[in-house]
Amino acid sequence: QIIDPQKQKQFGIVQGNFYKELREESAQQIIDLDFDGYAIGGLSVGETKEVYLDILRHTTPLLPENKARYLMGVGTPIDLLTGVESGVDMFDCVFPTRIARNAAVFTDQGRINLRNEKYKFDNSPISEHCPCPACKNFSKSYIRHLFKCKEITAARLTSYHNIYYLKNLMNQIREAILNDSFVNFKEEFINKYK
């Protein structure tokens, strides 16, 4: 398929390290170029959560509300919730598939590692209420066995599950926003996830 460059969406990236005045300057200069959307870069690179949230909450309101706001390199369930709460619309990150390749999966009770001995004979799915093909068709013990045998299918199944899990989480977040119950949803989710 040939992509028409005139129809591709273009995003400007706001940078500025952890300096609010540089973020403000970067945002203004990028906004003046009138992109289709705006990305927030340079976060989630090893700073503390307090610094990350402070800069995110300072930067997002600087961007137009009528354009997409995209947070680069963030991909944990909790970070998606705090990002949405801060006004972010879109995310991308290698984290969900990177941890999946190492047998770590998201569940509503938090992240688990399927290589752990306690899953050796666990015939339950990764997540009881998840309708993804990995959860519908395979048990934790079987996926653990695949990892132990160094079978590539294991990483594929866990990657599929983690991506599905985050997509489903974003659908739930959208529904909570539409029902004006996001704050309660976030609080309940975090209490279960931790």
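Everything numeric here is computed off the predicted structure, so don't read it as measured data.

Calculation notes
- Residues numbered from 1 in each chain as written.
- Predicted model: local features only at pLDDT ≥ 70, side-chain atom pairs only at ≥ 80, totals over all residues.
- Heavy atoms only, no water.
- pLDDT = per-residue confidence, 0-100.
- Helix = DSSP H or I, 4+ residues; strand = E, 2+ residues; numbered from the N terminus.
- Phe/Tyr/Trp six-rings, centres within 6.5 Å; stacked < 30°, edge-to-face > 60°.
- Buried < 20%, exposed > 50% of the residue type's maximum accessible area, 1.4 Å probe, protein only.
- Lys NZ or Arg CZ within 6 Å of the ring centre and 35° of its normal.
- Salt bridge = Lys/Arg side-chain N within 4 Å of Asp/Glu carboxyl O.
- Pairing = 2+ DSSP bridges.
- Axes fitted to C-alpha atoms, helices over the stretch in contact; angles between N-to-C directions.

Undergrad: A description of the confidence of the model for the protein chain should follow, citing residues and the corresponding values.
TA: In this model, the protein chain carries a mean pLDDT of 93, and residues with pLDDT of at least 70 account for 95%. Per-element averaging of pLDDT across the protein chain places strand β1 (residues 11-14) at the bottom with 90 and helix α6 (residues 140-148) at the top with 98.

Undergrad: An account of the packing of aromatic side chains is requested, with residue identities and associated values reported.
TA: The full count for this structure, using the stated rule, is 7 aromatic pairs. Here Phe-138 and Tyr-142 contribute two aromatic rings whose centre-to-centre distance is 5.6 Å and whose plane-to-plane angle is 15°, an arrangement assigned as stacked. Since its relative accessible area comes to 30%, Phe-138 is described here as partly exposed. Here Tyr-142 falls in the partly exposed class, since its relative accessible area comes to 37%. Plain terms: the ring middles of Phe-189 and Tyr-193 are 5.4 Å apart, the flat faces sit at 15° to each other, and that makes the pair stacked. In this pair, Phe-189 and Tyr-193 both sit in helix α8 (residues 182-193), 4 residues apart, roughly one turn of the helix. Tyr-193 carries the same exposure label as Phe-189, and that label is buried. An aromatic cluster is present here, built from Phe-95, Phe-106 and Tyr-165 joined pairwise through their rings. For the cation-ring pair, Lys-49 lies above Tyr-52, with the distance from its terminal atom to the ring centre recorded as 4.9 Å.

Undergrad: Before we move on, could you go through the pattern of salt bridges and cite the residues and values that matter?
TA: In total, this model carries 8 salt bridges according to the counting rule given. One salt bridge in this structure joins Lys-20 and Asp-54, with 3.1 Å as the shortest N-O distance. You can see Lys-20 sitting in helix α1 (residues 20-31) and its partner Asp-54 sitting in helix α2 (residues 49-59), a full 34 residues away along the chain. Because the salt bridges share partners, they merge into one network encompassing Arg-57, Glu-85 and Lys-186.

Undergrad: Which residues make up the pairing of strand β5 (residues 104-107), and what are the values?
TA: Taking every second residue as pointing to the same face, both faces of β5 are buried, with Ala-104 and Phe-106 on one and Val-105 and Thr-107 on the other. Relative to strand β6 (residues 110-113), β5 runs antiparallel, the two being bridged by 4 bridges. From the neighbouring strand, Ala-104 faces β6, where its bridge partner is Asn-113. Counting the residues that bridge the hairpin from β5 to β6 gives 2 residues.

Undergrad: Before we move on, can you summarise the sheet that holds strand β4 (residues 90-92) with the specific residues and values?
TA: Across the sheet, which stays open at both edges, the 4 strands sit in the order β1-β2-β3-β4 with parallel pairing between neighbours. Edge positions in the sheet fall to β1 and β4, since each has one partner strand and no second. Between one strand and the next, the sheet's axes are offset by a mean angle of 25°, whatever the strand orientation. Judged from the 3 bridges that link them, strand β3 (residues 68-72) and β4 form a sheet pairing that is parallel. Bridge pairing in β4 links Tyr-70 to Met-90.

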